[in-house]
Structures are given as structure tokens and as C-alpha cells.
Amino acid sequence: QLAVNVQTSNDRLFVELPQIAPDGELTFTAHEEEFGQADLTVTAFFDRRLLNDNISGVLALPPAVVRVLPRPRVFSISPNVGTGLGGTRVTIHGDHMGSQA
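These lines cover the structure that appears in this document, whether it is placed above or below. (Residues numbered from 1 in each chain as written. Predicted model: local features only at pLDDT ≥ 70, side-chain atom pairs only at ≥ 80, totals over all residues. Heavy atoms only, no water.)

**Focus: unusual backbone geometry**
We count it as follows: The numbering of helices and of strands both runs from the N terminus, where a helix is a DSSP run of H or I of at least 4 residues and a strand a run of E of at least 2. Each residue is assigned to one of three classes by its accessible area relative to the maximum for its type, calculated with a 1.4 Å probe on protein chains only: buried under 20%, partly exposed between the two thresholds, exposed over 50%.
Here Ser78 and Pro79 are connected by a cis peptide whose omega angle stands at -10°. One can find Pro79 in the loop between strand E7 (73-78) and strand E8 (91-95). A positive phi angle is found at His96, which is not glycine, with a value near 60°. Within the secondary structure, His96 sits in the segment after E8. Residue His96 is classed as partly exposed on the basis of its relative accessible area, which comes to 31%.

Shown next as C-alpha cells:
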């Protein structure tokens, strides 16, 4: 048996807190209006007595960091009409358009 506990240093970033599935997949849902960084502390508890190994214990993994970036906000697109042939240069103005928080 294996149980995994995940704790965050910044719960406000998440609508659904991070969790680890039995197959090891980390899942979470970020809050749409929040951004920043959270440290994740993962602790695994295992018990192999069912396999007659009589081994049980706790494994604390090194902290992991999750960065939630702000959602881009588009203020304008210029020009807002182009040709059907393509090739028109478009400029988009807004906030949080790059990968920096």
C-alpha cells in the first residue's frame, strides 16, 4: 500500500489542490485570477506487510516548485481584419503576453 500526501506553501493559487495519483501523475487546477509560486512538499507512506516483506516507512521527497503564470489579457488587435490570402502582420496589445510572471 502507498499513500501520498502533498502540501503547498501557497494554497490560494489552486482551485483544486495538487495531488498525486496512484500512477504518479501530479494534477491540480490553478485559480484563474491568481498567479505566483508554491513550494510542494510530498511525503509518501508505504506499507508492504501485505507482501510478507514487513517493510513500512515514510519517504519525504525534496520540495518541488510550481509556478502559476498570469493569464494573458488582450486589449487590442491591429489590424482587426486581414486578407484571405494571409501574410498580414498583426500586432496584439495586452498584459502578461510572455512567459514572465
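**What to know about the pairing of strand E4 (residues 36-47)**
Here is the rule: The pairing criterion is simple: DSSP has to find at least two bridges between the two strands.
Bridge analysis of strand E1 (residues 2-8) against E4 gives 7 bridges, and the strand direction is antiparallel. Bridge pairing in E4 places Gln7 opposite Thr41. Strand direction decides the pairing type here: E4 and strand E6 (residues 64-68), joined by 5 bridges, are antiparallel. In the strand pairing of E6, Gly36 is matched with Val68.

**A word on the nonpolar core**
We apply this condition: We call a set of buried Ala, Val, Leu, Ile, Met, Phe, Trp, Tyr and Cys residues a nonpolar core when their side-chain atoms join them within 4.5 Å. Every residue pair with non-hydrogen atoms within 4.5 Å of one another is taken to be in contact.
Counting 8 residues, the largest nonpolar core is built from Val6, Leu13, Phe14, Ala38, Leu40, Val42, Val66 and Val68. Secondary-structure elements contributing two or more residues to this core are E4 and E6. In terms of residue count, the dominant contributor to this core is E4 (3 residues). Leu40 has contacts with Val6, Gln7, Thr8, Pro18, Leu26, Pro63, Ala64 and Val66, leaving out every residue within four places of it along the chain.

Read these as geometric descriptors, not functional statements.
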